[in-house]
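# Survey of secondary and tertiary structure
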Amino acid sequence: MVSNTLMRIVAPCWKPSVEGDSSNRGGDASGRADGLLWYKDSGPQGTFVGIYDGHGGPEAARFVNQHLFENIKTIHGAEFTSETHGMSADVINKAFLATEEAFLSLVQQQWQDKPQIASVGSCCLVGIVCSGHLYIANAGDSRAVLGRLDNKEVKAVQLSYEHNASIESVREELQSLHPDDPHIVVLKHKVWRVKGLIQISRSIGDAYLKRAEFNREPLLAKFRLPESFNKPILKAEPTISEQKLDPEDQFLIFASDGLWEHLNNQEAVDIVNNCPRNGVARKLLKAALREAAKKREMRYSDLKKIDRGVRRHFHDDITVIVLFLDSNLISSSSSCRGPLISIRGGGGTPGNFIT
C-alpha cells in the first residue's frame, strides 16, 4: 500500500481528470500507476512534479518525461550528505544537463534518417518538495505559482519566471551572452524571437540552435541560419530557486504557458482556493478555455467541438498540476534519502490536468 503519510497528502485530490494523452499510466517494476499518480511502496520522502511542454514534435517532451526524473534520482542518491540531504540546486542542474546531453546524443544517432528531430524541443518546469524545502527549476515559459495565506486571504506568489524573448530582461540576457550578434533577438510580426525563429531562450532539445552541426541540410530550410555559430544560442540550464515552506503555504500550481495566456496568477489561485480540491485542475483548464473562447467571440461549448488539430489555432496546449501542501507532514520528514514520488504532466496534449 501507499504510505499513510502520502495518502493523507494526496487523498483529497486522488481522482484525477484527464483529457488527451497522459504519460506513464502503466507503471513499471519499480513503481505503480493509479490514474496519473506514480508511486512506490517504500515510503517516499520527497515529491517531484514535472511539466514538459514540447514544441516541434513530441519527441523531446517524451524523452524528458522518461529521463529527467530518473537522472535526478540517480544524482540525488550519489550526492547524498547529512548536510544537504542529497537535494540541491546543483543536483537539479546536473540532471537537466545530463538529460540534455542524452537527448542531443539521440539527435546525433537519428540525424541522417530523421533530421527534423533537431528542431524538436521541450520547455521544462520542475518542482521538488524535500525536507520542508521547495525547489523550483525552470527552462522555458511554463510557470509555478504558490497560493499563500496572508491576513486571511490566499494570495498568489509567482515562483518562476519565463525565458521568453518577449520579456525585456530575457532579451538583455541574450544580448549580453551574444554581444557580437546584432540579430540574436529579432522583432518579427510584432513578436520578439531568438534569431527570428523561436520565442523561448532555454529548453531541452532544439539541437539546431545548440550545435552548428545540426543547423544544415538535411534540416528544413526554415530552421537553418544563414551563418554558423560557435556556441549554443539557447541554453538548457534551468533557473533554480529554493525556499523553506511555511505553514501559510497552501498549494502550488504548475502549468504550461497555455494557461497563463488566459489567466493571471491571482485568478488561478482564487479558482483553486474557492473550489473543491477534487478536479480543481480541470476547473483551471475550463476557466482558461472559456477566456480563449471569449477572446474569439464564441461560446465555450462551440470551442470544445472544434477538432483538436484545428483548435491549436484558438489556444495553446495546456498542462496543469495542482499540489496541495500540508506543512505538518512536509516538516515531519527529516531527509530526502528515500525515493522521490513523481507526479508528471506530459506535454503536447490539448488538455492535461492533475490534482
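Going by the structure above, here's the rest.
Below you will find a few notes about this structure. (Residues numbered from 1 in each chain as written. Predicted model: local features only at pLDDT ≥ 70, side-chain atom pairs only at ≥ 80, totals over all residues. Heavy atoms only, no water.)

## Some words on the pattern of salt bridges
Across all of its chains, the model carries 12 salt bridges by this definition. In this structure, K94 and D90 form a salt bridge, with 3.2 Å as the shortest nitrogen-oxygen distance. Note that K94 and D90 are positioned in helix α3 (residues 89–110) at a spacing of four residues, about one turn of the helix. The partly exposed category is assigned to K94, whose relative accessible area is 37%. With a closest N to O distance of 3.9 Å, R224 and E217 form a salt bridge. Given a relative accessible area of 58%, E217 falls into the exposed group. Salt bridges sharing common partners tie together D181, K195 and E227. (Salt bridge = Lys/Arg side-chain N within 4 Å of Asp/Glu carboxyl O. Helix = DSSP H or I, 4+ residues; strand = E, 2+ residues; numbered from the N terminus. Buried < 20%, exposed > 50% of the residue type's maximum accessible area, 1.4 Å probe, protein only.)

## Remarks on the pairing of strand β7 (residues 143–150)
Pairing analysis gives six bridges linking β7 to strand β13 (residues 249–255), with the strands arranged antiparallel. From the neighbouring strand, V145 faces β13, where its bridge partner is I253. Linking β7 back to strand β8 (residues 153–158) in an antiparallel pair, the connection comprises two residues, with N151 at a positive phi of about 55°. (Pairing = 2+ DSSP bridges.)

## Quick word on the environment of Q250
Position of Q250 relative to the elements: it lies in strand β13. It is 7.5 Å that separates the C-alpha atoms of Q250 and L146, two residues lying 104 residues apart in sequence.

## Describing the packing of aromatic side chains
Remark: the centre distance and the inter-plane angle together describe each pair of aromatic rings, the angle taken between the planes. Under the definition given, this model contains five aromatic pairs. Here the aromatic rings of Y208 and F223 are separated by 5.4 Å at their centres, their planes lie at 70°, and the arrangement is edge-to-face. Placement of the pair is Y208 in the loop between β11 (204–205) and β12 (239–244) and F223 in the loop between β11 and β12, with a sequence separation of 15 residues. Per residue, the accessibility class of Y208 equals that of F223, and both read buried. (Phe/Tyr/Trp six-rings, centres within 6.5 Å; stacked < 30°, edge-to-face > 60°.)

## Structural notes on α3
The first and last C-alpha atoms of α3 sit 32 Å apart over 22 residues, in line with the 32 Å expected at 1.5 Å per residue. Turning to α3, its buried residues number three or more, namely V91, I92, N93, A95, F96, T99, E100, F103, L104 and V107. Of the surrounding secondary structure, the elements contacted by the buried residues of α3 are α2 (59–78), β5 (121–130), β6 (133–139), β11 and β12. (Expected span 1.5 Å × (residues − 1). Contact = heavy atoms within 4.5 Å.)

## Some points on the pairing of β13
Burial runs high along β13: six of the seven residues are buried. In this structure, β13 lies alongside strand β14 (residues 319–324), joined through five bridges in antiparallel fashion. Within β14, the position partnered with L252 by the bridge is L323.

## Looking at the nonpolar core
Ranked by size, the top nonpolar core spans 28 residues in total, and within it V107, A118, V194, I198, Y208, L209 and I233 carry the most contacts. Every element with two or more residues in this core is listed here: α2, α3 and α4 (168–177). Those residues within four positions of I198 in sequence are excluded, and the remaining contacts are H55, R193, D206, Y208, L209 and L234. Membership of the second largest hydrophobic core comes to 23 residues, among which are V154, V272, A281 and V322. (Core = buried A, V, L, I, M, F, W, Y, C linked by side-chain atoms within 4.5 Å.)

## Here we look at the packing of α2 against α3
α3 packs onto α2 with a crossing angle of 135° between their chain directions and a minimal axis gap of 8 Å. The angle between α2 and α3 places the two elements in the oblique class. Classified by chirality, the crossing of α3 by α2 is right-handed. Counted together, E59, A60, F63, V64, H67, L68, N71, I72, I75 and H76 of α2 and V91, K94, A95, F96, A98, T99, A102, F103 and L106 of α3 form the full contact between these two elements. (Axes fitted to C-alpha atoms, helices over the stretch in contact; angles between N-to-C directions. Parallel < 35°, antiparallel > 145°, perpendicular 65-115°, else oblique. Left-handed = near helix turned anticlockwise from the far one by under 90°.)

## Let's talk about helix α6 (residues 265–274)
The complete set of buried residues in α6 reads N265, A268, V269, I271 and V272. One face of α6 carries all of its buried residues, which in axial projection span an arc of 160°. Of the surrounding elements, those touching the buried residues of α6 are β7, β8, β13, α5 (257–260), α7 (280–295) and β14. Here α6 starts with a cap whose side-chain oxygen sits 3.2 Å from the backbone nitrogen of Q266, and that cap is N264. (Arc of directions from axis to C-beta. Polar contact = N/O pair within 3.5 Å; in protein donor to acceptor, adjacent residues only side chain to side chain.)

## Points about unusual backbone geometry
Of note, the amide linkage connecting E217 to P218 takes the cis form, showing an omega dihedral of 10°. Mapped onto the elements of the fold, P218 is located in the loop between β11 and β12. With a phi close to 55°, N151 is a non-glycine residue in the positive phi region. Note on placement: N151 falls in the loop between β7 and β8. Even without a glycine there, the phi angle at D206 is positive, about 50°.

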